[in-house]
Structures are given as C-alpha cells and as structure tokens.
Amino acid sequence: MAAPLLALSGVSKAFGTTQALAGVSFDLYPGEVHALVGENGAGKSTLLAVLTGVVTPDSGTIAIDGKHVTIDGPARAQALGIGTVFQELSLAGSLTVAENIFAGRLPTMAGFVRWKELRRRAREVLGAFGMEIPVDRTVDSLPAGARQLVEIAKALSLDSRILLLDEPTSALTNDEVEALLGIVARLKARGMGVVYVSHKLSEVFRIADRITVLRDGCLVGTRPAAATSVSSVVRDMVGRDLAPSDEDARRTPGAIALKARGLSRHGEFADIDLELRSREIVGLAGLVGSRRTELARTLGGLAAPHSGAVEVRGSPIRFGSPRDAMALGVVYVPDDRKSEGLFLSRSVMDNAVVTTLRRLSRFGVINAASSRMVAHHAVDRFRIKARGIDLPAGSLSGGNQQKLMLAKWLATNPGIVIVNEPTKGVDIEAKREIHNHLRRLAEAGAAILAVSSDLLELLAISDRIVIMREGRVVGTVGGRAATEEEIMRLAAGAGHHGVGEAA
Amino acid sequence: MTFGRSQSLAGLDHGRQAFGAALRARELTLAVLIVAVVIGMALASPHFLSLANFRAISIGLVPIAICAIGMTVLLASGGFDLSVGSVLALSSTIVALLLIAGAPIPVAVAGALLLGVAVGLVNGLVVTKIGVNPLVATLGSMLIARGIALVITEGFSLSSLPPAFGWAGRAEIAGVPFLLWVTLFLVVGFDLAMRHGSFFRKIYYIGANEKAARLSGLAVDRIKIVAYVLSGALAALAGVLLASRLMSGTPTAGNALELQVLAAAVIGGASLKGGEGTILGAFLGVIFVALLNNAMTMLAVSIYWQMIVTGAVLIAAVAFDMLVRRGEG
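Report on the accompanying structure. Values in this document were obtained by computation on a predicted structure and should not be read as measured data. (Residues numbered from 1 in each chain as written. Chains lettered and ligands numbered in written order. Predicted model: local features only at pLDDT ≥ 70, side-chain atom pairs only at ≥ 80, totals over all residues.)

**Points about the pairing of strand β14 (residues 269–277) of chain A**
In plain terms, the rule: Strands are labelled as partners when DSSP assigns at least two bridges between them. Secondary structure counts use DSSP, requiring at least four H or I residues in a row for a helix and at least two E residues in a row for a strand, with both numbered from the N terminus.
Note: strand β13 (residues 256–265) of chain A against β14 of chain A, 6 bridges, orientation antiparallel. For A260 of chain A, the partnering residue across the bridge sits in β14 of chain A and is L274 of chain A.

Structure (structure tokens):
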C-alpha cells in the first residue's frame with residue numbers, strides 16, 4: 001500500500017487537568033474517506049484543531065507524505081495542503097461567491113481587482129468539482145447547502161490534498177446532503193484524502209472507507225466500514241457503564257401541564273406531539289441538527305409555531321413572546337448564559353431580582369431591603385458562591401453563573417420549566433447540585449423539559465426521554481430503563497436505515 | 001447604583017464597598033474637578049465669582065441639561081437620540097406660532113410638548129418595531145424636524161410673543177432663576193427614578209443585555225419606546241423654556257446641541273454600549289463643560305479653542321474609564 005497522505009502517531013494534548021487527547025494515532029490515504037466519530041467531548045474537535053494548527057500537541061508526531069511536519073498555525077496547515085471546513089461557516093455573507101472563494105487572494109493588477117479573472121477562476125474551481133453555483137450571487141442569498149459547498153470550494157481552491165469536514169451536513173436538508181456526499185465521492189475519486197467528522201452514522205456508513213472512534217480523548221479503534229456495524233460503532237462511542245443516577249426519589253407524574261400537538265415551524269421541525277406532566281422531568285435528546293433547541297425555544301415562547309397548538313393546563317396558547325409565556329408560568333432557561341442568560345455587567349442582586357421586580361415594588365419604587373433579602377435567599381438556596389451580591393454577575397465562575405441563571409428564572413415559581421443544556425460548561429459538583437435542584441423542582445410539582453447533548457445527564461434526571469432527529473420526534477424511551485446506545489441509535493437514525501440491531 | 005446600604009454579612013463588605021466606590025467614582029471625580037475649576041477661576045479672574053456670572057452659566061446650561069436627562073436614559077437602554085437639538089428648535093417655533101395665532105399659553109405649550117412626544121414616538125417605533133439602527137433613525141428625524149422648523153418659519157425667528165409667556169424665562173424664586181429650579185427638579189426626580197424606580201431600573205437591564213432582558217420577561221420594546229418619547233418630550237420642554245427666555249421661536253436654535261448633550265452625558269459616565277450612566281453624572285458633566293467654557297471665555301481664550309478643549313475632555317474621560325477597567329480586569 002502507498003504511503004499515507006497523513007499520519008498522526010501518539011498525539012496527546014491536555015487543557016489544564018483535562019486530557020483532551022491521549023496518545024491518539026490516525027492516518028489517511030489518498031483517495032480515502034476516513035470518518036472520525038465520538039460523543040461530545042471525545043476529542044474530535046481537538047484532533048481537528050491539531051491538524052489545522054490551532055492547537056499544538058503536547059507530544060506525538062504528524063507526518064505528511066511520510067515526512068515529519070510541525071503545524072504551527074492555520075497558514076502552515078494551508079501550505080501543507082490541509083483544507084478545512086468548520087461547522088460554523090467562515091464566509092462573508094454580503095460578498096459574492098467568487099470573492100469568498102478567493103478571499104485574501106483576489107487577482108489584481110496595479111492594485112485593482114481583475115473581476116473577470118476572478119469570476120473565471122471561481123467558475124473553474126466550482127466546475128471542477130461539479131458544483132453549480134452562480135459566482136456573482138452573494139453568499140447570504142444562497143441556501144445553506146450551497147453555502148457549505150462554497151466553503152468546500154474555498155478550501156479546495158488552496159490546492160488542498162487533505163480536506164477536513166467537521167459536521168458538514170448539520171444544517172442541510174436531505175437533498176443538500178445528497179449533493180454534498182456526491183461531491184465528497186468525486187473528491188475521493190480524484191485522489192484526495194477526506195477526514196469526515198459527523199454525528200450521523202447513516203451518512204458515515206454510506207461515505208466512509210474506514211471509521212475511527214474516539215472516546216474521552218482515547219482511540220477506541222479504527223476499522224474498515226465494511227467490517228463493522230452501526231451498533232458496534234455506537235457501543236464503541238458510548239463504551240462506559242452507565243453511572244448510577246443518585247438519590248432519585250420516585251416521582252409519580254401528575255396531570256398534563258403542557259401539551260403540544262402537531263407543532264411545526266418551517267425549515268425547523270414538523271408535527272411535534274409532546275406532553276409534559278407536573279412532577280415529571282422529560283429529557284429531550286438529539287444530535288446537532290436535530291432541532292431540539294428550536295423546539296425548546298418555541299415551547300418557551302421565544303418563537304411562534306407556524307402551525308399546531310400548545311395547551312397549558314387545558315387552555316390553548318399562542319406562543320411568541322417570552323413575557324406572555326412567563327405570565328402563564330412557562331419559563332425558558334437558555335443554553336448561552338453570556339449572550340442570553342445573564343446581565344454580566346450588573347450585580348448578582350440585579351440578576352436575581354429581575355424577573356420579580358413587580359413583586360418587589362410598591363407604587364413603582366423598588367424596595368431595596370426586600371431586594372437584598374430576595375437576592376441573599378437565592379444565593380443561599382442555590383449555593384451560589386459569590387463574594388457579595390453587589391459584585392457583577394460576570395465575576396462569578398461558570399458553575400455559579402449557571403446557578404444564578406436558574407435562580408433568576410425559578411424565582412417566578414414557574415409551573416413549567418424548559419431548560420436548555422442546564423449544566424453546560426460547569427464542573428462536576430455544580431452539575432450535581434443543578435441536577436438536584438431540577439429533581440426537587442419536579443418533586444414540588446413543576447413540569448420540566450430538559451434539553452441536553454449529554455446523554456448521561458438526561459439518563460440521570462429524566463423520567464422519560466424524547467428523541468429528535470432532523471426536526472421530528474423519532475422515539476421516546478423510559479428514563480430509567482433506557483441506555484445510551486438505544487438513544488444514540490434513534491438519534492443517529494440507524495434504525496431508520498435498517499442498519500444494525502440492538503446490542 | 002446600589003439599592004442603598006443595609007447591614008450585610010460580615011466579610012462581604014470589602015468587595016461591595018470597592019465596587020460601589022468604583023461605580024460612584026465618575027460622579028466624585030467630576031465633583032472634585034468642578035470644585036477645582038471654581039477655586040482656580042476664583043483666583044484667576046475677579047469677575048468669575050459673581051452672581052451675574054453664575055446666573056449666566058446656569059441659565060445657559062438649562063437646555064443642554066434637560067436634554068441630557070433624556071439622552072442618559074436612552075444611552076442606559078443602549079440607544080441614543082440625535083434629534084434633540086432639532087426637536088428643541090421645532091418646539092420653540094411651534095409654541096411661538098401657536099401663541100401668535102392667538103392660542104392660550106397652556107394650549108401652545110401643550111401643543112409643543114405633544115409634538116416632542118410625537119417625534120419621540122416615531123423614533124421609538126422605527127427603532128423597535130422596524131429595527132432601524134438608532135443612529136440612522138434619529139439622524140433622519142433630526143433632519144426632518146429641523147427642516148420642518150425652517151419650512152414653517154421660512155428661516156426667520158418668530159418674535160412679538162405675548163409678554164406673559166416670558167414669565168418662565170425671567171422669573172426668580174428665592175433668588176434662583178425659575179429655569180434652574182425646573183432643571184434641578186427634573187434632574188433630582190429622574191436621578192431618583194433611575195436608581196429606585198422599577199420602571200427605570202428595567203432600562204439598565206435592557207442596555208446591559210437586551211436578549212436576556214427579553215427572556216427575563218421585560219417588555220423591552222415598550223420600555224425603549226417610552227425612553228424615546230421621554231427624550232423627545234424633554235427636548236420639546238427645553239425648546240419651550242428657551243422660547244420663553246428669548247421671547248422668540250428660533251428655527252436655528254440648538255444647532256449641534258445633540259452632540260454637546262451626548263458629550264456631557266458620556267463625560268458624566270454614560271456609555272454608548274448601554275447599561276450604565278446616571279442622571280446626576282450627566283448633570284455634573286453638563287456643569288463641568290459649561291464651567292470650563294465659561295472659564296476659557298473669562299480668560300479670553302478663543303471660542304475655537306473651547307471646542308478643542310471640550311473634545312479633549314470627552315476623549316480623556318472615556319479613555320480614563322477604559323484604562324481603569326483594564327486595570328481591574
């Protein structure tokens with residue numbers, strides 16, 4: 001066999017005390033699609049970051065064409081022929097397709113852009129890979145699939161021989177996915193090496209020659225796609241035993257608190273039926289692109305559905321404003337505490353009282369003493385470690401910010417809580433405390449919908465787990481009885497394609 | 001900016017006081033600077049410490065101070081208003097027109113104020129409901145309001161107003177001009193409202209993080225519209241008071257006033273980022289700039305130099321703030 005195009009051996013990288021990669025080896029041959037899979041936090045992103053020169057490994061070697069190389073920055077990666085298409089696109093939306101493909105490398109003469117030449121070259125690049133995209137359109141005016149192709153064309157125009165694709169289909173429709181997979185097959189036929197990172201195992205099995213599974217920063221194994229199955233890949237990805245969910249008092253779900261029927265939003269999700277009962281935590285699972293966040297935001301009143309109905313305690317509701325939703329006892333706790341959750345420049349107290357200002361005011365004047373009391377009470381109840389309630393919320397640690405965010409919305413005593421990634425970026429101790437808060441809240445009678453990409457979290461707190469894929473609910477499993485594998489299989493769509501059986 | 005003092009847990013006080021002090025630093029610094037200018041000028045010029053001079057300074061700063069209240073509220077909410085100078089001019093011509101047409105004084109004044117409310121309402125609706133950037137929206141209304149004032153007067157001042165209308169501009173209560181009383185009343189009232197009023201506290205939340213404010217159940221659009229209406233109404237009031245003092249409606253009044261107002265509010269601690277600023281701070285900013293200009297006039301510094309100094313003070317105030325914050329971060 002020919003020498004590998006790319007070979008990593010024994011690559012390790014630690015961030016603080018977290019071992020993001022531990023002795024990982026990976027190789028790629030010309031004309032091969034090599035898929036890289038693993039759960040969130042398995043080390044895929046770090047591996048890509050190493051290959052693109054964003055992160056320097058602590059140890060290990062990288063060789064291209066058998067020659068040892070050091071990738072000390074994105075420019076170096078480009079010079080070595082490594083092209084990358086990241087999950088978050090890096091295009092300038094108001095510029096044309098041609099300008100984007102040759103961003104920073106526009107053909108010029110005496111300081112003036114040679115527009116004709118630019119368009120000709122852009123057409124050449126797109127044509128070479130069978131992409132039919134008008135080069136004079138602005139990127140903003142293109143559908144998501146075409147934008148993804150422009151990004152790929154941009155990477156290819158740099159004479160790349162190695163293409164890294166990070167979740168390339170997460171925002172695409174089925175037709176667009178087909179087009180993209182067609183392009184990847186063509187690149188492969190031309191002798192390029194493609195590293196394909198995706199959550200969607202059905203795609204991975206269609207396109208990949210070999211599949212490498214990472215888990216907790218370690219290499220689990222590399223196998224030819226033909227010699228493995230979806231269920232064995234899922235088992236490799238999940239790997240560990242289920243952590244026992246602790247001190248979970250038996251809850252008996254009560255009456256239906258929120259009922260969604262036939263809920264749809266164009267381009268996001270369709271025909272969603274969902275019930276939340278009081279004294280119940282329902283987990284909502286789904287991979288990137290499953291639209292679980294869009295559904296949660298709609299239920300939380302941030303967006304109005306295009307069709308379908310939501311009933312809160314029997315009366316039909318037309319959502320569309322968080323303020324109206326809150327008046328009905330529905331709160332949405334967002335996943336991004338910095339941009340949507342907290343007022344980082346305002347004090348802990350200001351954050352703790354914002355949702356209950358009306359109750360703390362008389363004749364339009366805020367009662368300062370009551371505000372302080374409410375804030376102190378919130379800090380105690382949620383065990384928020386703050387050196388003072390007059391310090392800005394931004395001075396707290398991530399876990400304490402997360403707890404403050406919960407305190408802020410739970411101060412309204414909501415009957416229905418929709419919480420998105422309740423423990424995003426917090427340490428284990430804070431995570432445990434937050435889980436216990438959610439459990440206690442449910443025991444006290446609230447209906448909770450917890451959206452999370454962390455399956456262990458959902459298994460630990462949920463009474464049942466609803467699984468979404470590509471904008472639809474594809475199944476519901478019992479919270480206690482379920483396994484990660486079962487959920488992953490539903491979320492990744494293996495059952496849908498008839499590949500693999502239950503382990 | 002804190003909700004007042006109360007006995008708090010021991011050990012927490014150190015951080016709290018340090019933070020509170022940092023927040024109040026701008027007002028304190030300005031107060032010290034103002035005292036320094038007064039003392040310095042008292043020594044430098046025999047004419048400075050006279051009742052006549054102080055009266056002139058205080059009457060001169062009334063329009064800027066009143067407009068600065070609305071501007072600070074808007075800045076705290078994350079918006080701003082370039083139309084205040086034009087609204088002031090339009091309001092002064094409208095009140096004059098109505099009076100000349102024979103309208104009773106209260107009717108004429110109410111008409112001018114309603115006009116300010118209307119401009120503010122349009123600004124607020126265009127910004128919140130259509131989503132036009134506040135700079136563009138209020139730049140547009142600034143040009144339109146000024147244009148209307150010039151069109152209806154054909155560029156001339158409207159004088160020969162009924163003598164009774166001049167009362168507000170001339171009257172003194174306890175030796176202090178009525179205009180200054182009005183200004184002080186508004187400054188104190190709005191300062192307290194911004195510190196303790198539940199409605200105005202929401203302004204700071206919106207300025208600090210509009211998305212989070214919306215998700216926290218605040219009626220963001222409605223509150224922002226009220227802030228624009230307030231700014232328009234206050235600018236119109238300033239226009240009425242100016243007309244009363246000058247006994248004429250002047251379509252060219254308040255030219256570039258919006259920039260002086262903005263400068264004073266920012267010197268006083270408001271930020272274009274939103275989420276901060278106090279009415280007291282803005283008022284001290286207005287006083288400081290007015291004193292500085294007066295001092296330079298007394299010292300026979302050319303009017304052109306005064307602009308340069310005001311500009312330098314503006315940049316120095318903001319730069320100082322940035323440096324202090326960088327030190328903390």
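Moving on from the coordinates now.
**Quick word on the interface of chain B and chain A**
Keep this limit in mind: By the convention adopted here, residues make contact when the C-beta atoms placed from their backbones lie within 7 Å. Following the grouping adopted for this structure description, the nonpolar residues are Ala, Val, Leu, Ile, Met, Phe, Trp, Tyr, Cys and Pro, the charged ones are Asp, Glu, Lys and Arg, and the polar ones are all others, Gly among them.
Chain B puts 27 residues into the contact, and the matching count from chain A is 29 residues. Listing elements by their share of the side of chain B that touches chain A, those giving two or more residues are α1 (13–44), α8 (198–208) and α9 (210–215) of chain B. No other element matches the 7 residues that α8 of chain B contributes to the side of chain B that touches chain A. Split by residue class, the side of chain B that touches chain A holds 10 nonpolar, 12 polar and 5 charged.

**Some points on the sheet that holds β13 of chain A**
Residues and elements named next belong to chain A. Note the threshold: Note on geometry: axes are lines fitted to C-alpha atoms, helical ones only across the stretch in contact, with angles between N-to-C directions running from 0 to 180 degrees.
On the basis of which strands lie adjacent, the open sheet formed by 4 strands has the order β14-β13-β16-β17 and antiparallel pairing. Looking at strand neighbours, the two that pair on one side only are β14 and β17 (315–317), the edges of this open sheet. Strand after strand, the sheet turns through a mean of 20 degrees between neighbouring axes, direction not considered. Contacting β13, β14 and β16 (307–312), helix α9 (residues 292–299) runs over the sheet at an angle of about 120 degrees to β13.

**Some thoughts on the environment of N436 of chain A**
With respect to the helices and strands, the residue N436 of chain A is situated in helix α16 (residues 428–443). When the C-alpha positions of N436 of chain A and I461 of chain A are compared, they lie 8.5 Å apart, and in sequence the two are 25 residues distant.

**Thoughts on the packing of helix α8 (residues 230–238) of chain A against helix α18 (residues 484–492) of chain A**
Residue and element names in this part refer to chain A. Quick note on the threshold: Convention used here: angles under 35 degrees read as roughly parallel, angles over 145 as roughly antiparallel, angles from 65 to 115 as roughly perpendicular, and any remaining angle as oblique. Working rule for handedness: look at the near helix, and if it is turned counterclockwise from the far one by less than a right angle, call the crossing left-handed; if clockwise, right-handed.
In the contact formed by α8 and α18, the axes pass within 10 Å of each other and the chain directions differ by 125 degrees. Comparing their axes, α18 and α8 come out oblique. In this structure, α8 crosses over α18, and the sense of that crossing is right-handed. Where α8 abuts α18, its residues S231, V234, R235, M237 and V238 lie against E484, E485, M488 and R489. Residue composition of the contact of α8 with α18, grouped by class: 4 nonpolar, 1 polar and 4 charged.

**Thoughts on helix α5 (residues 134–153) of chain B**
Residues and elements named next belong to chain B. Cut-off, in case you're wondering: A helix is expected to span 1.5 Å multiplied by its residue count minus one. With C-beta atoms placed from the backbone, the exposure class of a residue follows from how many other C-beta atoms lie within 10 Å of its own: 20 or more, buried; 12 or fewer, exposed; in between, partly exposed. Think of the arc as the fan of directions from the helix axis to the C-beta atoms.
Across its 20 residues, α5 extends 28 Å between first and last C-alpha, which sits within 8% of the 28 Å expected from 1.5 Å per residue. Within α5, the full set of buried residues consists of P134, A137, T138, S141, M142, A145, R146, A149 and T153. For α5, the angular spread of the buried residues around the axis is 155 degrees, confining them to a single face. Opposite the buried face of α5, by more than 90 degrees, sit the exposed residues V136 and V151.

**Structural notes on the sheet that holds strand β24 (residues 472–478) of chain A**
All names here are of chain A. The strand order across the open sheet formed by 6 strands is β18-β21-β22-β15-β23-β24, and the pairing between neighbours is mixed. The open sheet has two free edges, formed respectively by β18 (330–333) and β24, since each of these has just one partner strand. Each neighbouring strand pair of the sheet contributes to a mean axis angle of 20 degrees, computed without reference to strand direction.

**Digging into unusual backbone geometry**
Residues and elements named next belong to chain B. Here the phi dihedral of E154 falls at roughly 50 degrees; this positive angle occurs in a residue that is not glycine. Inspection of the secondary structure puts E154 in the loop between α5 and α6 (167–170). Given 7 C-beta atoms within a 10 Å radius, E154 is considered exposed. Even without a glycine there, the phi angle at A174 is positive, about 55 degrees.

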